[in-house]
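# Reading the structure
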Amino acid sequence: MKSLKGVFFALISSGTFGLIPLFSIPLMTDSNMGLPSILFYRFLFSTILMGAICLFKKENFRISKKDIFTLSWLGLLYAATAMCLIYSYKYIPSGLATTIHFLYPIAVSFLMVVFFKERKSIVLFLAAILSLIGVALLCWNGGGSIKLIGVGIASLTVITYSVYIVGINQSSVSKMNAEILTFYILLSGAILFLIFAGVSPSGIESIPDFTAFGRLALLAFLATVVSDLTLILAIKYAGSTITSILGSMEPLVAVLIGVLYFSEYFNMNSAFGIFLILVSVSLVIIFGKQKKETLLSDKH
């Protein structure tokens, strides 16, 4: 029963994260809001919501001076991921950008091999090759809207998010309460985007109308707070492996929204490219789980 509940939470988490283009793109196009202001309001609203949740659960907000430094650079990495992902929408289809972002589990595995001496594997090399082929097929779709700068910006999210995940797992904050950890990371992002928006030419823009406010609120609530909280619950009930595999809902939802809502180009090359990326990521996750189980059995 717990596993089934975890699957449910994992699907909600990855599905809601895939909704980012649905709310952010109209804010840039229809409401004509600048990216710095969109990101500031997103992180401000999500920080307030997460803070309210922590207060409701009566969590302790006290942290050490050492944790402040760690949370600041983790917040910087998370904020950079959010900025690059949305910024890439200006140059490439949102479905492609989100699918490229989904390569982060492979990057995490490479970081663990290079910096933390995890064992190298043929599976990891194969997954990297499959993922590169998948991205190439997605870019080579004949739609005429793919710009390499967009692919490059989206690829930066793979680096920033994978370093963010490894940083959380390997730093002192790994033992911190999950809700408090999320709150301080979002707060760090809000402060960074306050500065970013403040020094940008347009400054901190006012929210133009109720429609824009609604989109910002949904972006903060569904695509940030709900996705983060259900991710924590999914890992708790179903484990990290099942949660990671079901993360494939994220690019699928983003592609579906891009095709149906924004009329983004999609063909058989795109479908096969997404399939290869999902297979490559699943290989890394499943093999990583099997390797850990083997090591544990050897110890016993």
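A quick note: this is a predicted structure, and the numbers were derived from the prediction, not measured.

### Regarding the overall build of the protein chain
When its secondary structure is counted, the protein chain shows 13 helices and zero strands. Helices and strands in the protein chain line up, N terminus first, as α-α-α-α-α-α-α-α-α-α-α-α-α. Going through the 300 residues of the protein chain one by one, you find that 52% of them count as buried. When contacts within the protein chain are restricted to residue pairs at least 6 apart in sequence, those whose partners lie at least 24 apart make up 88%.

### Examining the side chain of T81
The topology assignment puts T81 in helix α4 (residues 65-88). Take T81: its relative accessible area is 5%, and that puts it in the buried class. If near-sequence neighbours (up to four positions away) are discounted, T81 is found in contact with H101, T157, T160 and Y161.

### A short note on the packing of aromatic side chains
The way to describe two aromatic rings as a pair is by their centre distance and the angle between their planes. Considering all chains together, one arrives at 17 aromatic pairs under this definition. Between F43 and Y78, the ring centres sit 5.9 Å apart and the planes meet at 75 degrees, which makes this aromatic pair edge-to-face. Linking F43 in helix α3 (residues 35-56) with Y78 in helix α4, this pair joins segments that are 35 residues apart in sequence. According to the relative accessible area criterion, Y78 is buried, its value standing at 8%. Through a chain of ring-to-ring contacts, the aromatic side chains of F43, Y78, F102, Y104, Y161, Y164, F193 and F196 assemble into a single cluster.

### Regarding helix α2 (residues 20-29)
Across the ten residues of α2, eight count as buried, placing the element largely inside the fold. Regarding α2, the residues found buried are I20, P21, F23, S24, I25, P26, L27 and M28.

### Overview of the packing of α4 against helix α9 (residues 178-199)
At a minimum axis distance of 8 Å, the contact between α4 and α9 shows a crossing angle of 65 degrees. The angle between the axes of α4 and α9 places the two elements in the roughly perpendicular class. For the crossing formed where α4 meets α9, the hand is right-handed. Taken together, the residues of α9 that come into contact with α4 (itself represented by L71, S72, L74, G75, L76, Y78, A79 and M83) are L181, Y184, I185, L186, S188, G189, L192, F193 and F196. Of the residues belonging to the contact of α4 with α9, the class tally is 13 nonpolar, four polar and no charged.

### Details of the pattern of salt bridges
Pairing of side chains with opposite charge becomes possible as their charged atoms draw close. Using the criterion set out here, one finds two salt bridges in the structure. R215 serves as the salt-bridge partner of D30, at 3.8 Å between the closest nitrogen and oxygen. In this pair, D30 sits in the loop between α2 and α3 while R215 sits in helix α10 (residues 210-238), placing the two residues 185 residues apart along the sequence. According to the relative accessible area criterion, D30 is exposed, its value standing at 57%. Among the residues examined, R215 registers a relative accessible area of 17% and is labelled buried. Notably, a salt bridge pairs E179 with K57, separated by 2.8 Å at the nearest N-O pair. Here E179 is found in helix α9, whereas its partner K57 is found in the loop between α3 and α4, with 122 residues between them in sequence. On the basis of relative accessible area, K57 is assigned to the partly exposed category, the value being 42%.

### Some thoughts on a nonpolar patch on the surface
Side chains of I191, L194, I195, F196, V199 and I204 sit close together on the surface and give an oily, nonpolar patch of about 540 Å² of accessible area. Inspection of the secondary structure assignment puts V199 in helix α9. Classification of V199 as exposed rests on a relative accessible area of 65%.

### Remarks on the nonpolar core
Inside soluble globular proteins, nonpolar side chains tend to come together where they are buried. Ranked by size, the top nonpolar core spans 69 residues in total, and within it I20, Y89, Y164 and I185 carry the most contacts. The leading source of residues in this core is α3, at nine residues. Apart from the residues within four sequence positions on either side, Y164 is in contact with L74, L77, Y78 and I185.

### Details of helix α12 (residues 249-260)
Between the first and last C-alpha of α12 there are 16 Å, a value that for twelve residues agrees with the 16 Å anticipated at 1.5 Å per step. When we look at burial in α12, the residues that qualify are E250, P251, V253, A254, V255, I257 and G258.

Cut-offs used in this document
Residues numbered from 1 in each chain as written. Predicted model: local features only at pLDDT ≥ 70, side-chain atom pairs only at ≥ 80, totals over all residues. Heavy atoms only, no water. Helix = DSSP H or I, 4+ residues; strand = E, 2+ residues; numbered from the N terminus. Buried < 20%, exposed > 50% of the residue type's maximum accessible area, 1.4 Å probe, protein only. Contact = heavy atoms within 4.5 Å. Phe/Tyr/Trp six-rings, centres within 6.5 Å; stacked < 30°, edge-to-face > 60°. Axes fitted to C-alpha atoms, helices over the stretch in contact; angles between N-to-C directions. Parallel < 35°, antiparallel > 145°, perpendicular 65-115°, else oblique. Left-handed = near helix turned anticlockwise from the far one by under 90°. Nonpolar A, V, L, I, M, F, W, Y, C, P; charged D, E, K, R; others polar. Salt bridge = Lys/Arg side-chain N within 4 Å of Asp/Glu carboxyl O. Patch = residues over 30% accessible without salt bridge, like charges linked within 9 Å, V, L, I, M, F, W, Y side chains within 5 Å. Areas by Shrake-Rupley, 256 points an atom, 1.4 Å probe, with all protein chains shown as cover. Core = buried A, V, L, I, M, F, W, Y, C linked by side-chain atoms within 4.5 Å. Expected span 1.5 Å × (residues − 1).

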